[in-house]
Amino acid sequence: MKKKLLGMVLASAVLAGALAGCGSGNSGSSSAGDAGNSAADANAPADANAPAETGGADTEAAAGGTEGAVLNIWCWNDEFQSRFNDYYPDVESVSDDKSTTTLTNGVVVKWTINPTTDNNYQNKLDEALMAQGSASDDDKIDIFLLEADYALKYVGEDVDVAVPLSELGITADDLADQYQYTKDIVSDANGQQRAASWQAAPGLFAYRRSIAKEVLGTDDPDEVQAALADWSKFNEVATQAKDKGYYMLSGYQDSFRTFSNNVDKPWVEGTTVTVDPNIVAWIEQTKEFTDKGYNHKSSLWSDTWAQDQGADGKVFGFFYSTWGINFTLVGNAGEAGFGDWAVCQGPQPYYWGGTWIAAARGTDNPALVKDVMIKLTCTKSIMKAMTENRSIQDYTNTVSGMQEIAADPDFQSEFLGGQNHIALFSEVAPTIDMSNVSAYDQGCNEQIQNAFGDYFDGNIDLDTAKGNFETAIKELYPEITEVVWP
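Owing to the predicted nature of the structure, the values given are computational and were not obtained by experimental measurement.

**With respect to the pattern of salt bridges**
Thought 1: The final tally for this structure, using the stated rule, is 18 salt bridges.
Thought 2: As a salt-bridge pair, Asp188 and Arg194 come within 2.8 Å of each other at their nearest N and O atoms. Each member of the pair, Asp188 as well as Arg194, carries the same accessibility label: buried.
Thought 3: One salt bridge in this structure joins Arg208 and Asp340, with 2.7 Å as the shortest N-O distance. With Arg208 in strand 6 (residues 203–208) and Asp340 in the loop between helix 15 (322–333) and strand 12 (341–344), this residue pair connects regions lying 132 residues apart in the sequence. A single burial state applies to Arg208 and to Asp340, both of which are buried.
Thought 4: What emerges from the salt-bridge pattern is a single network uniting Asp160, Glu167, Asp188, Arg194 and Arg361.

**Digging into the sheet that holds strand 2 (residues 91–94)**
Thought 1: Within the open sheet, the 6 strands sit side by side as 2-3-4-1-5-13. Their pairing is mixed. Each end of this open sheet is capped by a strand with a single partner; those strands are strand 2 and strand 13 (355–359). On average, adjacent strands in this sheet sit at an angle of 25 degrees to one another, irrespective of strand direction.
Thought 2: Sheet analysis places strand 2 next to strand 3 (residues 100–103), joined by 3 bridges and oriented antiparallel. Its bridge partner lying in strand 3, Ser93 is registered against Thr102.
Thought 3: Set on the sheet, helix 4 (residues 79–87) makes contact with strand 1 (70–75), strand 2, strand 3, strand 4 (108–113), strand 5 (143–147) and strand 13; between it and strand 4 the angle comes to about 160 degrees.
Thought 4: Where helix 5 (residues 120–130) meets the sheet, it contacts strand 1 and strand 5, and its direction lies at approximately 145 degrees from that of strand 1.

**Details of the nonpolar core**
Thought 1: Judged by nonpolar contacts, the single largest core of 140 residues is most densely connected at Phe84, Phe144, Met248 and Phe469.
Thought 2: Here Phe84 is in contact with Ile73, Val91, Thr101, Leu103, Val109, Trp111, Val372 and Leu376, once residues within four sequence places are set aside.

**Regarding the confidence of the model for the protein chain**
Where the model shows low pLDDT, its predicted coordinates should not be examined in detail.
Thought 1: Within the protein chain, residue pLDDT values average 88, and 87% of them lie at 70 or more.
Thought 2: Long-range and interchain partners of residues 1–9, a stretch whose pLDDT sits below 50, account for 14 contacts in this model, where long-range means more than four residues apart.
Thought 3: Low pLDDT, under 50, characterises residues 11–64; the stretch is placed with 218 contacts to residues that sit more than four places away or in other chains.

**Here's the deal with the packing of aromatic side chains**
When we look at a pair of aromatic rings, we describe it by the centre distance and by the angle of the planes.
Thought 1: Across all of its chains, the model carries 44 aromatic pairs by this definition.
Thought 2: Taking the ring centre of Tyr455 as reference, the NZ or CZ of Lys287 above it sits at 4.8 Å.
Thought 3: Taking the ring centre of Trp485 as reference, the NZ or CZ of Lys466 above it sits at 5.0 Å.

**Let's talk about helix 9 (residues 209–216)**
Each full turn of the α-helix corresponds to 3.6 residues, which orients residues three or four apart in the same direction.
Thought 1: Within helix 9, the full set of buried residues consists of Arg209, Ile211, Ala212 and Val215. The arc enclosing the buried residues of helix 9, seen along the axis, measures out at 155 degrees, which places them on a common side.
Thought 2: Of the surrounding elements, those touching the buried residues of helix 9 are strand 6, helix 10 (221–227), helix 11 (231–243) and strand 12.
Thought 3: Phi for Gly217, located one or two positions after helix 9, is positive at around 80 degrees.

**Digging into the environment of Cys444**
Thought 1: Tracing the backbone through its elements, the reader meets Cys444 in helix 20 (residues 441–451).
Thought 2: Under the relative-accessibility criterion, Cys444 is labelled buried at 0%.
Thought 3: When the C-alpha positions of Cys444 and Ala472 are compared, they lie 9.3 Å apart, and in sequence the two are 28 residues distant.
Thought 4: Apart from the residues lying within four places of it in its own chain, the contact partners of Cys444 are Trp267, Val268, Phe469, Ile473 and Tyr477.

**A closer look at unusual backbone geometry**
Thought 1: Positioned with a positive phi, Lys98 is a non-glycine residue whose angle comes to about 65 degrees.
Thought 2: Locating Lys98 in the fold gives a position in the loop between strand 2 and strand 3.
Thought 3: Unlike most non-glycine residues, Lys297 shows phi in positive territory, near 55 degrees.
Thought 4: A residue is classified by how much of its surface remains accessible, and Lys297, at 49% relative accessible area, is partly exposed.

**Structural notes on the sheet that holds strand 8 (residues 268–269)**
Thought 1: Taken in spatial order, the 3 strands of this open sheet run 8-9-14, and their pairing is mixed. Each of the sheet's edge strands pairs with one partner strand only, and the pair in question is strand 8 and strand 14 (482–484).
Thought 2: Docked against the sheet, helix 22 (residues 462–476) engages strand 9 (272–274) and strand 14, running at close to 135 degrees with respect to strand 14.

**Remarks on the side chain of Gln225**
Thought 1: With respect to the secondary-structure elements, Gln225 resides in helix 10.
Thought 2: Judged by relative accessible area, which is 19%, Gln225 ranks as buried.
Thought 3: Discounting residues that sit within four places of it in the chain, Gln225 has contacts with Cys344, Gln345 and Gly346.

**Description of helix 13 (residues 277–291)**
Thought 1: Here helix 13 spans 21 Å end to end across 15 residues, near enough to the 21 Å set by a 1.5 Å rise per residue.
Thought 2: Along helix 13, the positions that sit buried rather than exposed are Asn278, Ile279, Val280, Trp282, Ile283, Gln285, Thr286, Lys287, Phe289 and Thr290.
Thought 3: Packed against the buried residues of helix 13 are helix 11, strand 7 (249–251), helix 12 (256–260), strand 10 (295–298), helix 20 and helix 21 (453–456).
Thought 4: The backbone nitrogen of Asn278 lies 2.8 Å from a side-chain oxygen of the residue at the head of helix 13, namely Asp276.

How each quantity is defined
- Residues numbered from 1 in each chain as written.
- Predicted model: local features only at pLDDT ≥ 70, side-chain atom pairs only at ≥ 80, totals over all residues.
- Heavy atoms only, no water.
- Salt bridge = Lys/Arg side-chain N within 4 Å of Asp/Glu carboxyl O.
- Buried < 20%, exposed > 50% of the residue type's maximum accessible area, 1.4 Å probe, protein only.
- Helix = DSSP H or I, 4+ residues; strand = E, 2+ residues; numbered from the N terminus.
- Pairing = 2+ DSSP bridges.
- Axes fitted to C-alpha atoms, helices over the stretch in contact; angles between N-to-C directions.
- Contact = heavy atoms within 4.5 Å.
- Core = buried A, V, L, I, M, F, W, Y, C linked by side-chain atoms within 4.5 Å.
- pLDDT = per-residue confidence, 0-100.
- Phe/Tyr/Trp six-rings, centres within 6.5 Å; stacked < 30°, edge-to-face > 60°.
- Lys NZ or Arg CZ within 6 Å of the ring centre and 35° of its normal.
- Arc of directions from axis to C-beta.
- Expected span 1.5 Å × (residues − 1).
- Polar contact = N/O pair within 3.5 Å; in protein donor to acceptor, adjacent residues only side chain to side chain.

Written out as structure tokens, the structure reads:
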């Protein structure tokens, strides 16, 4: 019956619509979100910071039976694979092609990595989950990864493809040190948490120190923050940057997440899409920035956008969450960028992306899955080691651990000129509010950005752009009956 229900729900218009389209891989989240929050450093040192404080994983299933010999993990890139291989204490060896990992108890971890392009990951995951009941034990999905923009699709009680953590034996005490929003976004309507994350993804504004000095006369993060403390001030600095021959932002989507993560209500209630005033503010700002030459007219993840972060770039700054600095910006900036970047909080707090670990309903490795979750998402020393690794410096999901690193006078980012960016992230993370997320977020976020590209370029008028969004969203979600604008 559950298999039948799963098939019906995943095939329904709402969830089929949620398939379309942030991020971390291309998560975020959305093709852009996915690309960002999933861009991992697969070459991080395997031994230098990996703790070995806990014993081997249990080999008995939660119900008392023997655990399976194969642990199947599905993801969209190698970010979690890297974290698992480098930081899960019970890893014994990794195959040369990295397709399998052998644990100390003899279990073989098989990695299935399906890139997100054209929704490939979700499509294949849905097919596999619907076939879970008839799959052999060695072929069943045991763990699958989720991204913020579509997490709600998989954690619903009616779908029941992600096992509640309480069923695995993970308690509220085990999860007590995680940021609340990382628990809320993967909890069902009854408050049962159905996935866990080793990371949190608060956002900041990363800026070029050399450009800030020319535009503002200072590169000091506190002084730059004072100049960018709200959107009005941010726009004033954009004018100053233009006068000095610089762009404030690279492209159309750069500020979108900062606006969209501060909306007052969900995208969809009932069968009505409501465009929040904050989304309209993004449209207005982006149109102004495009018309006045305050942006470089690039698109997120494009070659121009990446080059704008390089040594010859003329862009003041970029909105990036935790994963973006070390996994994207550092690579785009190159060696010349070390010391020429800094971060401040920017005009509004926001988050972007994040990756969650879910236990698949039907897994024959519940005890092992529990052990993975406990060690990688609930063990402070392991998560702190990820943050302290210079090749990673991921912002991890331990409130007390991040507070400790934030207060550590010796912790710094060489890339950010010695700045302790964890201190700023730790101020933003507790403010993240996920109360307005919905299963429609991925589709709505993508379609609003797609529909207004021609408007920003002056090829269509505002009403046409609105009409294009309304048409696209109703095609994506046939159950939507109206779109309301403020």
